[in-house]
Structure formats: structure tokens, C-alpha cells
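Listed below, chain by chain, are the residues.
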Amino acid sequence: MIFIVSGPGGVGKGTVVTRLLELRPDLWLSRSWTTRPRRPTEPEDAYVFVDRPTFENRIREDGFLEWTEFAGTQALYGTPLIDPTAVEPGGPDVLLEIELDGAQQVKRRYPEAVLIFIVAPSTEDQEKRLRHRGDDDEMVSRRLAVGAKELEIGERIADHVVVNDDVERAANEVAGILAGYSDPG
């Protein structure tokens, strides 16, 4: 199965996914690529950080499942394709933590993929989270504007919507959703 965790910036997708992986170590998290610089608060393995020419070369090689440019920032994000010969049949379920545009691309390619859309309890909470992680005023404004549009689309197309009002509760809710798709055999 392919499980997609998406949501606007600042809703805590990464935090929920980190806790989810502790609850479900059987999941395989695909590490996205990005051309944006690493935030001071981010671990080095949060993304595969590359320069734009390297990313664009990978695009030309058709090496991404999905990719997008975020809201005019010139920062590219993408999910690398996996070499099918490197994955064992019946292997772990795949977890993608990606932007909504990428989630829509994956759903078009794999309609059976399960989209779990994470939202903040309020716009005020989302703004606080964006500021806490170090986004400047311009980026906070941009992410909130994009987030409002993503919220409209995400809540409409998602298979499940989870409010991240408490990381432990939200991660357990997502783990329960995933368990509902488990093969009983």
C-alpha cells in the first residue's frame, strides 16, 4: 500500500510522521528531495538536500514519482522513484510525506493510494508553528495563503482528515487509519 500524509505547511506533518514511524516501524518512509536550504531546526536527514541543477537532471531522467515547485519560492520538492528490483514483493507499506500538489500527482498515478490530510486546529496554531520553525514573515504569509487554498482542496479529496491538536493523539489516529487497510491474511 501507498499511504500519503499531506497538509499545509506548519500543520505538523513531519512531527506526526516521526511519531507514526515509532508506532509503526514496519512502514518505509520515502525521503523527498528538495532544493531549498535546510532550516536550522531541521535534522540533516529531513530531506535529501540538493542543488537545482541536480534536481533538474533527475527530472530529465524521469526519476521522480512526483515533483513540484512550492508557491513561487523556486524551491523544488520531489519523491524519487524506487527501483522496483530493489523492493521485495510483499515488502513494507510505503509512506510519503509530501505537499498537496505532489499528493494529487500520486493519486492520479495510483488511485488506490490512501491520502491522509493533516490540518492544524486553527490558522493561529498553524502560524505559531511556522514562526517556531524559523520561517520569516514573508514565508509565513505565503504559506498561510497557500495553506488556505490547500485546505479547501485537501479536505475535499482526502480519504481521511486528521486534526493535529496533539501529536500523540494525531499519530495514533493515523496509525489506526493505516491498520484499517491492513491485509487480514
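What this report covers is the structure whose coordinates are included nearby. (Residues numbered from 1 in each chain as written. Predicted model: local features only at pLDDT ≥ 70, side-chain atom pairs only at ≥ 80, totals over all residues. Heavy atoms only, no water.)

Now for the layout of surface pockets. In this approach a probe as big as a water molecule rolls over the atoms, and the regions it shows empty are the leftover space. Put simply, the largest pocket is a space of about 850 Å³. In terms of lining, the largest pocket is formed by 32 residues, of which the most central are Lys-13, Gly-14, Thr-15, Glu-97 and Arg-133. Elements with a minimum of two residues in the lining of the largest pocket: α1 (13–23) and α4 (123–132). Top element by residues in the lining of the largest pocket is α1. It accounts for six residues. Class assignment for the residues of the lining of the largest pocket results in ten nonpolar, eleven polar and eleven charged. (1 Å grid on protein atoms, 1.4 Å probe; cavity = no way out; pocket = protein on both sides within 12 Å on 5 of 7 lines; lining within 4 Å. Points joined across faces, edges and corners; volume = space filled by probe spheres on them. Helix = DSSP H or I, 4+ residues; strand = E, 2+ residues; numbered from the N terminus. Nonpolar A, V, L, I, M, F, W, Y, C, P; charged D, E, K, R; others polar.)

You can see Gln-126 is positioned in helix α4. The exposure class assigned to Gln-126 is buried, which follows from its relative accessible area of 8%. Not counting residues within four places of it along the chain, the set of residues in contact with Gln-126 comprises Pro-8, Gly-9, Gly-10, Val-11, Ala-120, Arg-143, Leu-144 and Gly-147. (Buried < 20%, exposed > 50% of the residue type's maximum accessible area, 1.4 Å probe, protein only. Contact = heavy atoms within 4.5 Å.)

Right, let's get into the nonpolar core. Within the largest apolar cluster, 20 residues are counted, with the highest numbers of intra-cluster contacts made by Leu-20, Leu-95, Ile-116, Ile-118, Val-162, Val-174 and Leu-178. Every element with two or more residues in this core is listed here: β1 (2–6), α1, β8 (114–119) and α6 (167–179). If you tally residues by element for this core, the top one is α6, at six residues. Counting 14 residues, the second-largest nonpolar core is a separate cluster that includes Ile-4, Leu-65, Val-94 and Phe-117. (Core = buried A, V, L, I, M, F, W, Y, C linked by side-chain atoms within 4.5 Å.)

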